[in-house]
Amino acid sequence: MTTASNRKIRIGVQLQPQHAEYKAIRRAASEAEDLGVDIVFNWDHFYPLYGEPEGLHYECWTMLGAWAESTSRVEIGALVTCNSYRNPELLADMARTVDNISDGRLILGIGSGWFEKDYDEYGYEFGTAGGRLDNLAEALPRIESRLGKLNPQPVRDIPVLIGGGGEKKTLRLVAKHADIWHGFGDPEVVERKVKILDQHCADVGRDPKEIERSVAVEGEPEELGPKLLELGVSLFTVATGGPDYNLDKLRSWIAWRDKQQS
């Protein structure tokens, strides 16, 4: 069993599918793979999150299907899928299909959703943050059940990544369902979230070391990396957006990873 003590350091990149033509996104995904990144993520929104609000933007899961064909080594996934946008059984089928196309390289990243413009423009009920988390709690067992019924089956047991830091509901869902937890914040924030996640794991009878800890990083790896490693973080993800997809920060984190593991 993989635990925090023997887990390899991994680097991810989130290619935000905004303000760029698809050919630029595809090129960035290929370049990131060539650089040695471990995971290429996108995100699940319908409009840009910053910059021109009506700017260029592409849909998440259609893109993941294309990445399954255009890449060959990296894992791929959404950081994260919005649970509200698709029926849980349909999402499971989509994930199984992309996993097969990619020969077992999909990570199923999921969260409860938060970007109100997406909901309003596409006709989904926004509701409340608590209600969206309750819907996620109801959806996760349905996704798990459907994955077990599909023919053909996924190539592998698709890792589930849950994103978010809500201390009462989200981290408890991580403890019950996730293979990877993805959070945000400086080491002090991450330390608090990790302690709470560990307690939720104890409450549900789960070894917290089974859950890979992932954090979005913006700082320099030599300064930030060791602090997060001490907290059991092993997956570090850099984000970049269009139109140019600057991968300089990603190069720095990949070089740091390789130095740690040499």
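Residues numbered from 1 in each chain as written. Predicted model: local features only at pLDDT ≥ 70, side-chain atom pairs only at ≥ 80, totals over all residues. Heavy atoms only, no water.

Draft legend 1. Expanded view of the overall build of the protein. On a plain count of helices and strands, the protein comes out with 9 helices and 9 strands. Dimensions of the protein along its principal axes, counting C-alpha atoms only, are 45 × 45 × 35 Å. Taken across its 262 residues, the protein has 53% of its residues classed as buried. Contacts in the protein between residues at least 24 apart in sequence constitute 75% of all its contacts with a sequence separation of at least 6. Of the roughly 12000 Å² of accessible surface on the protein, a fraction of 49% belongs to carbon and sulfur atoms. Computed over 31 positive and 42 negative side-chain charges, the separation of the two mean positions in the protein equals 4 Å. (Helix = DSSP H or I, 4+ residues; strand = E, 2+ residues; numbered from the N terminus. Buried < 20%, exposed > 50% of the residue type's maximum accessible area, 1.4 Å probe, protein only. Contact = heavy atoms within 4.5 Å. Areas by Shrake-Rupley, 256 points an atom, 1.4 Å probe, with all protein chains shown as cover. Lys, Arg positive; Asp, Glu negative; His and termini not counted. Charge placed at Lys NZ, Arg CZ, Asp CG, Glu CD.)

Draft legend 2. Spotlight on the environment of Q16. Take Q16: it is sitting in strand β1 (residues 10-16). Along the sequence, Q16 and A239 sit 223 residues apart, while their C-alpha atoms lie 7.1 Å from each other. The contacts of Q16, once residues within four sequence positions are left out, are W43, Y50, A239, T240, G241, G242 and Y245. Here the side chain of Q16 touches Y50 through a polar contact of 2.3 Å, side chain to side chain. (Polar contact = N/O pair within 3.5 Å; in protein donor to acceptor, adjacent residues only side chain to side chain.)

Draft legend 3. Just unusual backbone geometry, in detail. Residue V80 follows L79 across a cis peptide bond; omega there is -5°. With respect to the helices, strands and loops of the structure, V80 is situated in the loop between β3 (75-78) and β4 (81-82). A cis amide bond, omega 10°, links G242 with the succeeding residue P243. In this fold, P243 is placed in the loop between β9 (233-241) and α9 (248-260). Even without a glycine there, the phi angle at H19 is positive, about 60°. Along the chain, H19 falls in the loop between β1 and α1 (22-35). For H19, a relative accessible area of 18% corresponds to the buried category. For D103, which is not a glycine, the phi torsion comes out positive at approximately 60°. Structurally, D103 is set in the loop between α3 (88-101) and β5 (106-111). Classification of D103 as exposed rests on a relative accessible area of 60%.

Draft legend 4. Quick peek at the packing of helix α5 (residues 129-149) against helix α6 (residues 170-177). Running from amino to carboxyl end, α5 crosses α6 at an angle of 10°, the nearest separation of the two axes being 10 Å. Comparing the axis directions of α5 and α6 gives the class roughly parallel. Residues L133, L136, A137, L140, P141 and E144 of α5 pack against T170, L173 and H177 of α6. Residue classes in the contact of α5 with α6 are distributed as 6 nonpolar, 2 polar and 1 charged. (Axes fitted to C-alpha atoms, helices over the stretch in contact; angles between N-to-C directions. Parallel < 35°, antiparallel > 145°, perpendicular 65-115°, else oblique. Nonpolar A, V, L, I, M, F, W, Y, C, P; charged D, E, K, R; others polar.)

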